[in-house]
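The chain contents come next:
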Amino acid sequence: MATTSSGLRPAQKAERQRITQQQQGLSHGGNSLTRSLNNGQQSLRSKDTKPPPSSSSRRSVTPTSRSHYRDFDDDNDHGRVRVAVRLRPRNAEDLLSDADFADCVELQPELKRLKLRKNNWSSESYKFDEVFTETASQKRVYEVVAKPVVESVLSGYNGTVMAYGQTGTGKTFTLGRIGKDDASERGIMVRALEDIVANISIASGTVEVSYLQLYMESIQDLLAPEKTNIPINEDPRTGEVSLPGAVTVKIRDLDHFLELLQIGEANRHAANTKLNTESSRSHAILMVYIRKSVPEKVEDDISSQDKKTKSNLPVVRKSKLLIVDLAGSERLDKSGSEGLLLEEAKFINLSLTSLGKCINALAENSPHIPTRDSKLTRLLRDSFGGSARTSLIITIGPSSRHHAETTSTIMFGQRTMKIVNVVKLKEEFDYESLCRKLETQVDHLTAEIDRQQKFRERDKYDLEKLLQECQDSFNETRKNLVTRSEFLEKENTCLELDMKDILFELNCQKDHNSLMQDKIADLEMSLKQSKQHQLENSTFQKVLADTTQMYEKKIAELIRQLEVERALSESAKEQLDAMKKLSGDHQKLIQQHEMENSKYQKALAETTQMYEKKIMELTKQLEDEHTRFEAAEEQLDLANKLLTDHQRLMQGQEEISELRLKLQEMYQLHESTVNELQSLKEEFKDQIQEKESISEELYAVQEKLSAEEKQRKTIEHELVKLKKSAPESDNDFEDKKSYMKENVRGSSVLGTPASLNKSGPLRDAQSAQRATIAKICEEVGLQKIIQLLTSEDSDVQIHAVKVIANLAAEDVNQEKIVEEGGLDALLTMLRSSQNATILRVASGAIANLAMNEMNQGLIMSRGGAQLLAKTASKTDDPQTLRMVAGALANLCGNEKLHTMLKEDRGIKALLGMVRSGNNDVIAQVARGMANFAKCESRAIVQGHPKGCSLLMEDGALEWLIANCNTASASTRRHVELALCHLAQNEDNAKDFTSSGGLQELQRISMESSREDIRHLAKKMLKSNTMFQGEMRLGWQ
């Protein structure tokens, strides 16, 4: 700055000396000529020369560079490292290996969360800056992860985009995909250079790239493979890292960069491992250097006498973008690396471990950061904990086989999100461009000074001649001005009197405005009263809601009394009379509310009339004021005309300037009055709108009251119907449909109907009851009934769960119950309730839902088998055990759930329930064993041998053999069928022969009451070679 300004001063000083001499030579010509010369000098200086920058406006920066902080985002953590996670789609290996297992990762992109499953019932949730599903496009990944960093780099900041993850999860695809055939598959490297080249012109900046790889702790140039073991230099003053031995190529266009990228990818080390056919064996680093000139800024420094302009030195911004494709972490036992691959894996894991240590130290704000443990951490020193804006994308796979690697990758991302960088803008003065610019200016100014010198000599003669003419005209003008000034003084006196009158009228208008403000305050008080009426109306709505809730509780109590005390019909009638009386009281209360509502409407009408009267008065006052304002405007127009004439005749007079200021003040006062008038009109409109909104709210309250009255009458009518069609016993109400479905299921297994002895009248009564319950459900709503399952009142819970159990008995209702959260509510009741009735009915409802295969999977995934087993262990009630056994028996009919059912102790609990000795419970246990064995035999027929049956481990075979001759025909058929299906598995033959099962199978083949079971037993005896051998030994 100092050198530049000193270079301009000699020419300016010479020019000033020449002008001073000319002024001194012409000073005898008169004062007007001197002023003309001064004006010409100032105009020439402002047009042809640029004054040196003043010391007051000079920037205090270092000669070489400057750094300052700049916010990227509006949020508080703008410097924090941004971390996104991307899930790779399942490949062929995952589909083959994990066909029977669910993904260990569940994405919630709308919440930016990721759930990592530990097992079927436990998971952990993590939050990231962005979550990409397996269907996310390359374009969206770039726009979210890398584009903000690229835009920051174009603005002069350093930036880093890095990919981290297990080998084979798509890091190189995300970053380095070239996309020759399909442009939509281009990775971050290509898209970033495309944006950079589009925003950097040849005239304003340059773009250079270096492409390196870190292979076995040796830095190699991918664009010049002969350059290996490139050293790393660090500036001891600034700490910046540089690679002087790396090749730097200036980019012409995007095609040029694609050629360089293909050369680098061809020279990069890659190998085939068990986890990835093209596994990267080195860390690839793309360095993009951007140099961009900044447009000059002009700052103005205005003093009291003159105005000087100053131009800043030309500034250039240098920034650097790192795109890092890390090699994937891998376990040697999974990748199968040997020899050179083993050594490469060691160096890869060593550098990634060093990076993880640095990340941990930065996340924990440790005083020591071990960046010198690895060359990778030295290269990324500015990216983590430095001055660069950094974005990290972690890539994971869906397979449960790599749960540990996925967990490690996610935790690395979580720790990285805690790092906050201090982003800095690096600017340097462009002295070369400045020097060229100043040389051009000096040549231009020299030629301009010579040209202006000739113009001055020519103008000198013209000015001397003009001076004489001006003096003559000046004398004549002076005489005319004296005469005109006397006349204007008189007119000025008249104008002052007129202005006093106008000021008096304006004061009167101010008084009117104060009165209007008082009236506006009264209107605001009225509005407050109206809002108070609204609050009272809301209180009325709350009382109405409380009354409705009380009414619902009374209905629940009435239903419970109808079910428990059915035999006491006379007392039920008395309670019904009491209910009607309560309904009458409720009607009276509604009538009172309607009377109060009419009072509110009347008060609102009065308030509205009062507002309308006040508004009419205000409108009239506003019109009067508007008339006065128009008169004032006419006077102002007259004054403006006089002022215009006065200015033409007497320019430069101080009295005229004072008059102009006063008129301007009057005009501003007029504008403020007009604005106040406009604000009053707007307030009037707002009051009208508020009146309309209050009327609409009152109408809505009336509609709501009428709707609630209709609903109350409907519920009373349905209660009367429910009383007439009340079930004869609790057990019929709870599980009649469940048993019918169990029997139908049993008939499909055993080949004969199981329960067809229900009388016609009983079926008609049950059908009528179902119709009544369905109608109540339609009126009240399934969601509201499910909400009652969480009530604190146990009686309300009992009634609600009975309704749900009956609804679950119908196939058409099961899907709605599950969608509305009914299954979750039933499982919660099993988990938390201690009431025997609730446990019994909830178990029956779950048994009904378990008839559907889709619901079976939901029950198991949410721990339903564990809850059923726990319920069976803590109760001895035969009815509850029967419901639990029925639910477990239905789950046994799904071969996909056998292993999970075994792990959740469902089979053990099913066999344990035989301790009750109840025939119905034992029949359900036998049905479960038959379903389980039949599913296993079906899998064997389909060609999926599974080894010894899961039932053998819990002693099921001994129990089946011991109960083959039970008195119950239904239980005996289930036991016989279970033994026949277990015998179909040849791996069970040894246990059969040792435990006496072969003799029972022979007995079944001859003595079973069912022909299909006898035929099945004979078929099993003939098809099993071990059984044939044992029978031959027995005959001998």
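See the structure shown above.
Residues numbered from 1 in each chain as written. Predicted model: local features only at pLDDT ≥ 70, side-chain atom pairs only at ≥ 80, totals over all residues. Heavy atoms only, no water.

S.K.: When you look at the pattern of salt bridges in this model, what are you seeing that I'm missing?
M.R.: Two side chains bearing opposite charge may form a pair once their charged atoms approach each other closely. The tally for this structure, following the rule as stated, stands at 21 salt bridges. Note that Lys-112 is salt-bridged to Glu-130, the shortest N-O span being 4.0 Å. Of this pair, Lys-112 sits in the loop between strand 3 (105-108) and strand 4 (113-117) while Glu-130 sits in strand 6 (residues 130-132), and the two are 18 residues apart along the sequence. Residue Glu-130 is classed as buried on the basis of its relative accessible area, which comes to 11%. The partner of Arg-451 in a salt bridge is Glu-448, and the shortest N-O contact between them spans 2.0 Å. On the criterion of helical spacing, the pair formed by Arg-451 and Glu-448 is a turn pair, its members being three residues apart in helix 12 (residues 431-564). Each of Glu-234, Arg-372, Arg-378 and Arg-381 takes part in one network of salt bridges that share partners. (Salt bridge = Lys/Arg side-chain N within 4 Å of Asp/Glu carboxyl O. Helix = DSSP H or I, 4+ residues; strand = E, 2+ residues; numbered from the N terminus. Buried < 20%, exposed > 50% of the residue type's maximum accessible area, 1.4 Å probe, protein only.)

S.K.: Looking at this structure, how should I read the nonpolar core?
M.R.: One recurring pattern in soluble globular proteins: nonpolar side chains tend to sit buried together. If you look at the biggest cluster of nonpolar residues, it comprises 87 residues, and the most contacted ones within it are Ile-804, Leu-888, Met-913, Met-929, Trp-959 and Leu-979. The residues touching Met-929, leaving out its near neighbours within four places in the chain, are Ile-907, Leu-910, Leu-911, Leu-951, Ala-956, Trp-959, Leu-960 and Ala-978. Of all hydrophobic cores here, the second largest spans 44 residues; its members include Leu-114, Phe-128, Met-162 and Ile-359. (Core = buried A, V, L, I, M, F, W, Y, C linked by side-chain atoms within 4.5 Å. Contact = heavy atoms within 4.5 Å.)

S.K.: Help me out: how do you make sense of a negative patch on the surface in this one?
M.R.: Taken together, the side chains of Glu-524, Glu-682, Glu-683 and Asp-686 define an acidic patch exposed on the protein surface. Counting residues per element, the negative patch draws most heavily on helix 14 (residues 654-724), at three residues. When you line up the elements, Glu-682 lands in helix 14. (Patch = residues over 30% accessible without salt bridge, like charges linked within 9 Å, V, L, I, M, F, W, Y side chains within 5 Å. Areas by Shrake-Rupley, 256 points an atom, 1.4 Å probe, with all protein chains shown as cover. Lys, Arg positive; Asp, Glu negative; His and termini not counted. Charge placed at Lys NZ, Arg CZ, Asp CG, Glu CD.)

S.K.: Quick question: what am I supposed to make of the pairing of strand 15 (residues 283-294) here?
M.R.: On a regular strand, each side chain points to the face opposite its neighbour's, so the side chains alternate between the two faces of the sheet. Bridge count for strand 8 (residues 205-215) against strand 15 is ten bridges, and the pairing is antiparallel. Across the sheet, Val-207 pairs through a bridge with Ile-290, a residue of strand 15. Sheet topology note: the strand 15/strand 18 (residues 315-325) ladder contains eleven bridges and is antiparallel. Among the inter-strand pairings, Tyr-289 is bridged to a residue of strand 18, identified as Lys-320. (Pairing = 2+ DSSP bridges.)

S.K.: Where do I start with the packing of aromatic side chains in this structure?
M.R.: Counted under the stated rule, the structure contains one aromatic pair. Ring geometry for Tyr-164 and Phe-412: centres 3.8 Å apart, planes at 15 degrees, overall stacked. Residue Tyr-164 is located in strand 7 (residues 159-165), and its partner Phe-412 is located in helix 11 (residues 403-416); the two are separated by 248 residues in the primary sequence. (Phe/Tyr/Trp six-rings, centres within 6.5 Å; stacked < 30°, edge-to-face > 60°.)

S.K.: Help me understand the sheet that holds strand 4 in this model?
M.R.: Two pairing modes exist for strands in a sheet, parallel and antiparallel, and in both the strands are linked by backbone hydrogen bonds. The antiparallel open sheet is built from three strands, whose spatial order is 3-4-5. The outermost strands of the open sheet, each flanked by one partner alone, are strand 3 and strand 5 (123-127). Neighbouring strand axes in the sheet, compared pairwise and without regard to direction, differ in orientation by 20 degrees on average. One ladder, built from five bridges, connects strand 4 with strand 5; its direction is antiparallel. Bridge pairing in strand 5 places Lys-115 opposite Ser-125. Of the strands in this sheet, strand 3, strand 4 and strand 5 touch helix 11, which is tilted by about 150 degrees from strand 4. (Axes fitted to C-alpha atoms, helices over the stretch in contact; angles between N-to-C directions.)

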